[in-house]
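# Breakdown of the fold
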Amino acid sequence: MNRETDRLSDVLTEMSAKALVTWMTHSALRDIPREALLVRGSDFVYALQANFVLLRDVLSETLEDIEQQSHDLEERLDSLEQRLQTLQKDTDILY
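I will try to describe carefully the structure that is included in this document.

### Quick look at the overall build of the protein chain
The secondary structure content of the protein chain amounts to two helices and zero strands. Along the three orthogonal principal directions, the C-alpha set of the protein chain runs to about 90 × 20 × 15 Å. The burial tally for the protein chain puts 13% of its 95 residues in the buried class. Carbon and sulfur atoms make up 56% of the accessible area of the protein chain, which totals about 8,000 Å². Counting 10 positive and 19 negative side-chain charges, the protein chain places the averaged centre of each group 7 Å from the other.

In structure tokens form, the structure reads like this:
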């Protein structure tokens, strides 16, 4: 994984931990028994993790697409720059 994906993974892990604490606090305030909280909490964590893994993968692919487009644009810009230099040389010869 690259640095951006590692940071994204860290952020998603922190978000899932905060979401779990919020959910468990809310559930505890509703007097749900501890055992039920543990079972539901486990299901909640797995669902969150699956969603975050999917989100990370989508964002990682998007980042790769952006990097590829950036590379393609750089190549096109280099090509245009070379053509411009050629045109400038041709006009210098004519005048």
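### Describing a negative patch on the surface
A surface patch of like charges, here negative, comprises Asp72, Glu74, Glu75, Asp78 and Glu81. Relative to the helices and strands, aspartate 72 is located in helix H2 (residues 34-94).

### Points about the pattern of salt bridges
Tallied over the full model, the rule gives one salt bridge. For lysine 18, the salt bridge identified is with glutamate 14, shortest N-O distance 3.0 Å. Here the residue lysine 18 and the residue glutamate 14 both occupy positions in helix H1 (residues 3-29), the gap between them amounting to four residues, near one helical turn. Residue glutamate 14 is classed as partly exposed on the basis of its relative accessible area, which comes to 44%.

About the criteria used
- Residues numbered from 1 in each chain as written.
- Predicted model: local features only at pLDDT ≥ 70, side-chain atom pairs only at ≥ 80, totals over all residues.
- Heavy atoms only, no water.
- Helix = DSSP H or I, 4+ residues; strand = E, 2+ residues; numbered from the N terminus.
- Buried < 20%, exposed > 50% of the residue type's maximum accessible area, 1.4 Å probe, protein only.
- Areas by Shrake-Rupley, 256 points an atom, 1.4 Å probe, with all protein chains shown as cover.
- Lys, Arg positive; Asp, Glu negative; His and termini not counted.
- Charge placed at Lys NZ, Arg CZ, Asp CG, Glu CD.
- Patch = residues over 30% accessible without salt bridge, like charges linked within 9 Å, V, L, I, M, F, W, Y side chains within 5 Å.
- Salt bridge = Lys/Arg side-chain N within 4 Å of Asp/Glu carboxyl O.

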